[in-house]
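For reference, the chains in residue letters:
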Amino acid sequence: MRILVVDDDELLAQTLVTHLTAQYYAVDVATDGEAGWDYAEAATYDLIVLDVNLPKLNGIRLCQKLRQAGYSEPILLLTAKGESSDKVIGLDAGADDYVVKPCTIEELGARIRALLRRQTASPNPVLTWGELRLNPSTCEVTYQESPLSLSPKEYGLLELFLRSPQRVFNSSLILEHLWGFEDSPGEETVRTHIKRLRRRLKSVGAEDVIETIYGMGYRLKPPIEPPIEPPVSLPDQARNAAMEAWEYLKGTVLERLVILDRAVEAFQAGNLPESIRSDAEQAAHKLAGSLGMFGFPEGSRLGREIERWFQNPNWLESPLHLQTIVTKLHQELQRPPSPVSDGLFSDPEVEEVPSPQGKTPVLLMIDDDVILLQQFQQSATLAGIQVETALSVTEARMRIAQRVPDIVLLDLGFPDAPPQEGLVLLEELGDRFPRLPILIFSVSDQFHDRLEAARRSKHRFISKSTPPDQVLDFVREVLKNSQPDEITVLAVDDDPLILETLRQFLPRWGINLVTLSDSQQLWETLTTTMPDLLILDVEMPNVNGIELCQVIRNDGNWNQLPILFLSALRDSETVHHIYSAGADDYISKPFVEPELVTRIFNRLERNRLLRNLAETDQLTGIANRRQSMKEFNRYLTLSQRYVQPLCLAVLDLDHFKQVNDQYGHDSGDRVLKRFAQILRNVFCNEEIVGRWGGEEFLVGLYGFTKQQAKLRFDQIFQLMRQESFISSENAVFKVTFSAGLAQAPIDGADFHHLYRVADAALYQAKTSGRDRLICA
Amino acid sequence: MSEKCILVIDDEADIREIAKMSLQITKNWEVLTAASSNEGVAIAEAKQPDAILLDVMMPGVDGLATLQNLGKNPATQNIPVILLTATVKVVTQRQYVQLGAKAVLIKPFDPGLLASQIEKALGWDAK
């Protein structure tokens, strides 16, 4: 720091210079006002001490002049007069402080330090940088509390940097601040001093205090703040604790891995005994259920994959896949656990049995025609269907083991495989996933294939010449109809919070939720969403829930819709109103997730039972007249759209009146039941089998021409001929049937026409000797 | 919220340990543990916990049988039971709730969120 003392009292000036130099300041002395002005103009001073009584230019005037010239550093006035007027004039002239003479040199030094301190940002008299401390009043420098001895110039340098922590000083600026006129050296000296200061600081461990800004000079480096550790949240603390616990709990976990290894070995040796298989399945299940919690979410996922494999070990032919995933699990557990973040577990990979709304359905195409597969990939993406492909039956098994698709498109004719392989797969799939829809895709279009496939499982055919778009339309149609478990719930509430709560948890239960905040839009929404259940709030603006409920109950289309009320009102009068308006159930707010979900499922279950009753024939358990007609009409639409044949057969048991008369109605009923059972066994789920009334039955076959369908009925004639019935009186008797067959569209475009044509053919079959089928 | 007392019934020591740690650290709840169904029912009778975390797959008397035993026992039938399972099929979970479980939590659970999942499932967070 450089200070200018302007005083004509040489004794005082000299004492002051001695004192300030001891404090490592650079000091210049001027003995009159004009000289003082010249000095101040020529150099940079961090502080100026002015005597008021100066020859040539007095201190007050000099002070004013300095301030007018823009001098902004502190000015301290020395005055011999104790008169307050001088002090006031002096301060008004721009001085920062004054000291009345005579004074002690210590007081003067302290005032100077105080003024210099004002210029720095810190109010602390001690200057600090990290753990480096410089005390201007004692000139002591310490680092980490141990003293550091510096030469006056080194001290001055350090103080200069510490007082202006942001500022960049070039060499000449440093010269001006630290050296007086008399001993001003070259800039090279500055570099030497900086170097020495750095070395001294480094010797006590204070490294990198002063940095070089290339081309500009030197600056105090911002001290490295010790990083403030963010407080660890409680959930993270728990997660960390779990990861630490891994060290002492991993023993039991690793034992389970040993069980898996043993099973892999046994499997590779070609002999996997049931006991080892089930142990391995259980071990994998436990690994899946625990690893994630220690910070191995990938470990849990692999565990689940291994568990799935051991559930169906013969399913996969290649032992390599199993070996690979077990090895991966070993590798995963070699690594340290990694911290998980919120939400990683909140949405576990859930196996949906029916694919829920909003999730892309997966179509597995099993075909060796690479070009066709590519075409499908492209069209399917547009149609919102994810296509997975398998080029061989083996690959198909692997894909299915990894992930069960929503629908399978299977080509039966693999040129490279034994002809039966596709059929074997078809049978396996039918056993393992009875509800998985399978479409048979064949270029050969050999009728033998079709018949065989229809016998083995019960699935539909698509000719390979059908364009991909049409096939995908068909896939979508099948998907829509094969998801009876998909549930849509419509919730009407003006409280967005309630709707949001429902939205948070209902989808997790496989429920497709539609929300509506304005009850006036209810009718439109009902028809567009076709909900399985309606949730209503009692109090809503416009139309309230009870009124809505009454209107719905009086509407022919919707009076069967289950209605559940959510309400904060629980007085008996409101509850009474709710039920008398026709509500099925009532839950008070605030509600708890399990309760609401249970009530919804119970209500739907009851409704499904009722609907089942309405659709099935009580005696035989197959579709009743209304339902079979409804299903037939649906297939009729499909057959028109895809230009596929659709056959309608009308079947009638021969001489059934005599059976009833001769053997009793009990025996008659047993015949009806058995006949229905045979029909149901031979035809697949997607084919229509219904009881039209009395001893008359109806069969609908999609994708079959009359000639092809006739061959399938041959099987039924054979089975019925083999069947013997025993009456309650132990009389053995036989029953035959006759059938008439019509085909859409050639015999008729709608159900009534087709029925009339088929019925006429049936009449012909009866008159020409019974026990036969006649094509119209 | 007042401190809760939770009983964890699981034959796997690591699950018991982590569940206990997790509930203690995040909520300072009291946690009791039992390694078998019989032990669990006895503790539930004696200590009347606020909720029971019950593993489905246990040797001997399994979780579902334990659920029924707890439900039949007048001393324990009012204690809410949450099933812990590594089975992620939605349909299975639905069945569990219909059998009387208040909720189903999937293993592996997140040790950081187990307590809040319990609160949410039992409606403890609504008040």
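Scroll up for the structure.
Residues numbered from 1 in each chain as written. Chains lettered and ligands numbered in written order. Predicted model: local features only at pLDDT ≥ 70, side-chain atom pairs only at ≥ 80, totals over all residues. Heavy atoms only, no water.

**Q** Sorry, what's going on with the interface of chain B and chain A here?
**A** When the parts of a complex come together, some accessible area is lost, and that lost area is often taken as the interface size. With 35 residues of chain B in contact, the opposing surface of chain A contributes 44 residues. Summed over both sides, the interface of chain B with chain A buries roughly 3500 Å², with 67% coming from carbon and sulfur. Between the two partners, chain B and chain A, sit four salt bridges. Residues Glu12(B) and Arg256(A) are paired through a salt bridge, measuring 3.3 Å at the closest nitrogen-oxygen approach. The interface formed by chain B and chain A includes six residue pairs in polar contact (both at pLDDT 80 or more). Where the side of chain B that touches chain A is concerned, the elements lending two or more residues are α1 (13–27), α4 (90–98), β5 (103–106) and α5 (114–122) of chain B. Looking at the side of chain B that touches chain A element by element, the count peaks at eight residues for α1(B). (Contact = heavy atoms within 4.5 Å. Buried area = accessible area lost by both parts, 1.4 Å probe. Salt bridge = Lys/Arg side-chain N within 4 Å of Asp/Glu carboxyl O. Polar contact = N/O pair within 3.5 Å; in protein donor to acceptor, adjacent residues only side chain to side chain. Helix = DSSP H or I, 4+ residues; strand = E, 2+ residues; numbered from the N terminus.)

**Q** So what exactly am I meant to see when it comes to unusual backbone geometry here?
**A** Negative phi values dominate among residues other than glycine, just as trans dominates among peptide bonds. Residue and element names in this part refer to chain A. A cis amide bond, omega 0°, links Ala744 with the succeeding residue Pro745. In this fold, Pro745 is placed in the loop between β27 (737–744) and α27 (751–767). For Lys56, which is not glycine, the phi dihedral falls at a positive 70°. Considering the arrangement of structural elements, one finds Lys56 in the loop between β3 (47–51) and α3 (59–68). Given the relative accessible area of 63%, Lys56 is considered exposed. The backbone phi angle of Asp771 is positive, close to 55°, even though this residue is not glycine. Here Asp771 lies in the loop between α27 and β28 (773–775). (Buried < 20%, exposed > 50% of the residue type's maximum accessible area, 1.4 Å probe, protein only.)

**Q** Would you explain the side chain of Arg256(A) in this entry?
**A** In this fold, Arg256(A) is placed in helix α9 (residues 234–268). Accessibility expressed as a relative area gives 11% for Arg256(A), which makes it buried.

**Q** Explanation requested: the environment of Gln764(A) in the structure shown.
**A** Positionally, Gln764(A) belongs in helix α27. In sequence terms Gln764(A) and Ala776(A) are twelve residues apart; their C-alpha atoms lie 9.3 Å from each other.

**Q** Hey, could you run me through α9(A) in this one?
**A** An α-helical turn contains 3.6 residues, so any two residues separated by three or four positions project in the same direction. Maximum bend of α9(A): about 65°, positioned at Leu249(A). Phi turns positive one or two residues past the end of α9(A), at Gly270(A), with a value near 85°. (Bend = angle between axes of the 7 residues up to and from the residue.)

**Q** Mind showing me how you'd approach the pairing of strand β4 (residues 75–79) of chain A here?
**A** Moving residue by residue along a regular strand, the side chains alternate between the two faces of the sheet. All names here are of chain A. Burial runs high along β4: five of the five residues are buried. In β4, alternate side chains face the same way, and those of Ile75, Leu77 and Thr79 on one face and Leu76 and Leu78 on the other are all buried. Note that β3 and β4 share four bridges and pair parallel. Considered in β4, the bridge of Asp51 is made with Leu78. For the crossover from β3 across α3 to β4, the handedness is right-handed. Bridging between β4 and strand β5 (residues 97–100) involves four bridges; their strand directions are parallel. Its bridge partner lying in β5, Leu78 is registered against Val99. (Pairing = 2+ DSSP bridges. Right-handed = clockwise from strand over helix to strand, strands pointing away.)

**Q** Just to check I follow, could you spell out the nonpolar core for this structure?
**A** A general tendency of soluble globular proteins is for nonpolar side chains to be buried together. Leu260(A), Ile306(A), Leu329(A), Ile18(B), Leu53(B) and Ile118(B) are the most contacted members of the largest nonpolar core, which has 50 residues in total. With eleven residues, α9(A) is the largest single contributor of residues to this core. In this structure Ile306(A) touches Leu260(A), Ala284(A), Leu322(A), Ile325(A), Val326(A) and Leu329(A), once residues within four positions along its chain are discounted. Counting 48 residues, the second-largest nonpolar core is a separate cluster that includes Leu108(A), Leu158(A), Ile174(A) and Ile210(A). (Core = buried A, V, L, I, M, F, W, Y, C linked by side-chain atoms within 4.5 Å.)

**Q** Can you help me understand the pattern of salt bridges in this one?
**A** Close approach of charged atoms allows side chains of opposite charge to pair. Within this structure, the stated rule accounts for 37 salt bridges over all chains. One salt bridge connects Asp28(A) with Arg2(A), and the closest N-O pair in it is separated by 2.8 Å. Here Arg2(A) lies in strand β1 (residues 2–6) and Asp28(A) lies in strand β2 (residues 26–30), a separation of 26 residues in the sequence. Considered together, Asp28(A) and Arg2(A) belong to a single accessibility category, that of buried residues. Across the pair Arg67(A) and Asp96(A) runs a salt bridge whose closest N-O atoms are separated by 2.8 Å. In this pair, Arg67(A) is assigned in helix α3 and Asp96(A) in the loop between α4 (84–92) and β5, connecting sequence segments 29 residues apart. Its relative accessible area of 31% is what places Asp96(A) among the partly exposed residues. Several salt bridges converge on common partners, so that one network encompasses Arg256(A), Asp10(B), Glu12(B), Asp14(B), Asp55(B) and Lys107(B).

**Q** Help me understand the sheet that holds strand β22 (residues 646–653) of chain A, please; the structure alone is not making it clear to me.
**A** The pairing of strands in a sheet happens through backbone hydrogen bonds and is either parallel or antiparallel. Residue and element names in this part refer to chain A. The five strands are arranged β23-β24-β22-β27-β28 in an open sheet whose pairing can be described as mixed. The strands lining the two open edges of the sheet, one partner per strand, are β23 (688–693) and β28. The average angle at which neighbouring strand axes cross in this sheet is 20°, direction not considered. As paired strands, β22 and strand β24 (residues 696–702) are joined by seven bridges and run antiparallel to one another. Bridged to Asp652 within β24 is Glu696. Contacting β22, β24, β27 and β28, helix α26 (residues 706–722) runs over the sheet at an angle of about 165° to β27. (Axes fitted to C-alpha atoms, helices over the stretch in contact; angles between N-to-C directions.)

**Q** What exactly am I supposed to notice about the packing of α1(B) against α5(B) here?
**A** Residues and elements named next belong to chain B. Following both chains from N to C, one finds α1 and α5 inclined at 80°, their axes separated by 8 Å at the closest point. With respect to α5, the axis of α1 lies roughly perpendicular. Contacts between α1 and α5 involve Ala19, Ser22, Leu23, Thr26 and Lys27 on the former and, on the latter, Leu114, Ala115, Ile118 and Glu119. In the contact of α1 with α5, the residues fall into five nonpolar, two polar and two charged. (Parallel < 35°, antiparallel > 145°, perpendicular 65-115°, else oblique. Nonpolar A, V, L, I, M, F, W, Y, C, P; charged D, E, K, R; others polar.)

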